[in-house]
Amino acid sequence: APTLVIRRRSGRLERSYGERMSGDLPVRHRAAARVLMLDHAGRLLLLLGRDPASVGAPRWWFTPGGGRRPSERPEATVRRECWEELGHVPASVVGPIAHRRHEFAFNGVWLVQDTDYFAARVARFTPAAQQLSAVERRFLLGWRWWDRRELSSSRETLYPAGLAQLADVADLTG
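In this text the structure is predicted, and so the values were computed from the model without any measurement.

Quick word on the environment of Met-37
Here's step 1: Here Met-37 lies in strand β3 (residues 27-38).
Here's step 2: Judged by relative accessible area, Met-37 falls into the buried class, the value being 0%.
Here's step 3: Not counting chain neighbours up to four residues away, the residues in contact with Met-37 comprise Arg-43, Leu-44, Leu-45, Cys-82, Leu-86, Pro-90, Ala-120, Val-122, Phe-125 and Trp-145.

Some details on the packing of aromatic side chains
Here's step 1: Counting across every chain of the model gives five aromatic pairs.
Here's step 2: Taken together, a centroid distance of 5.6 Å and an interplanar angle of 90° make the contact between Phe-125 and Trp-145 edge-to-face. Of the two residues, Phe-125 sits in the loop between β8 (109-121) and α2 (134-139) while Trp-145 sits in strand β9 (residues 140-146), which places them 20 residues apart along the sequence.
Here's step 3: For Phe-125, a relative accessible area of 14% gives the class buried.

Some details on the nonpolar core
Here's step 1: Grouped together as the largest cluster of nonpolar side chains are 21 residues, with contacts concentrated most on Val-35, Met-37, Val-78, Leu-86 and Phe-125.
Here's step 2: When residues of this core are traced back to their parent elements, those giving at least two are β3, β4 (44-50), β5 (59-62), α1 (74-86), β8 and β9.
Here's step 3: Looking at this core, the element that brings in the most residues is β8, giving four residues.
Here's step 4: What Val-78 contacts, discounting residues up to four positions off in sequence, is Ala-33, Arg-34, Val-35, Val-93 and Phe-118.

Rules used throughout
Chains are numbered independently. Their residues run from 1 in the order of the written sequence. With pLDDT at 70 or above as the cut-off, local features in this predicted model cover only qualifying residues; side-chain atom pairs require 80 or more to be listed or tallied, and sums for whole chains, interfaces and linings still use all residues. Side-chain numbers come from the whole structure's heavy atoms, not from hydrogens or water. Every helix listed is a DSSP run of H or I at least four residues long, and every strand listed is a run of E at least two residues long, numbered separately from the N terminus. For every residue, the accessible area obtained with a 1.4 Å probe (protein chains only) is divided by the maximum for its type, and the residue is called buried under 20%, exposed over 50%, and partly exposed between those limits. Residue contacts are counted whenever heavy atoms from the two residues lie within 4.5 Å of one another. Put simply, two rings from Phe, Tyr or Trp (the six-membered ring, in Trp's case) pair if the centres are within 6.5 Å, and we call them stacked under 30 degrees between planes, edge-to-face over 60, tilted for the rest. For this analysis, a nonpolar core means a set of buried residues of the types Ala, Val, Leu, Ile, Met, Phe, Trp, Tyr and Cys, connected via side-chain atoms within 4.5 Å.

What follows is the structure, given as structure tokens:
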């Protein structure tokens, strides 16, 4: 089978298949689980981050969660990541409500990530990270509760694509 190669050309990353060369980004496949955490007013909690390996990298907003450990169930990943990133574990988690494959450069690696998305309804709280890794301490910049109007009209970068619609699904199931 051909090898996926991510190479920098003219300052841009290009994706192709072929023989790996020095300077190519290593490719890592991983499973992840994330949660659309809604408060009782329907506001969605998002984290703010940037690529720690890229000086002046753009910022983006994303849902809490992260990579699954070997043999860890997705729901357990959501609970662990919520504790680590937010200091709060939702009482119940519903889903998965969606599954997406994302490919992106992060921290000097090209990630091919299969992500399960869950929903949770919580009382609004103030996140207080409990156990961040060294990489998380460098890339997590903040958090914010977003209402639907803000999600739909924002010019900020929000992940995943279609987040406002996914929040609607989460609101119906969470």
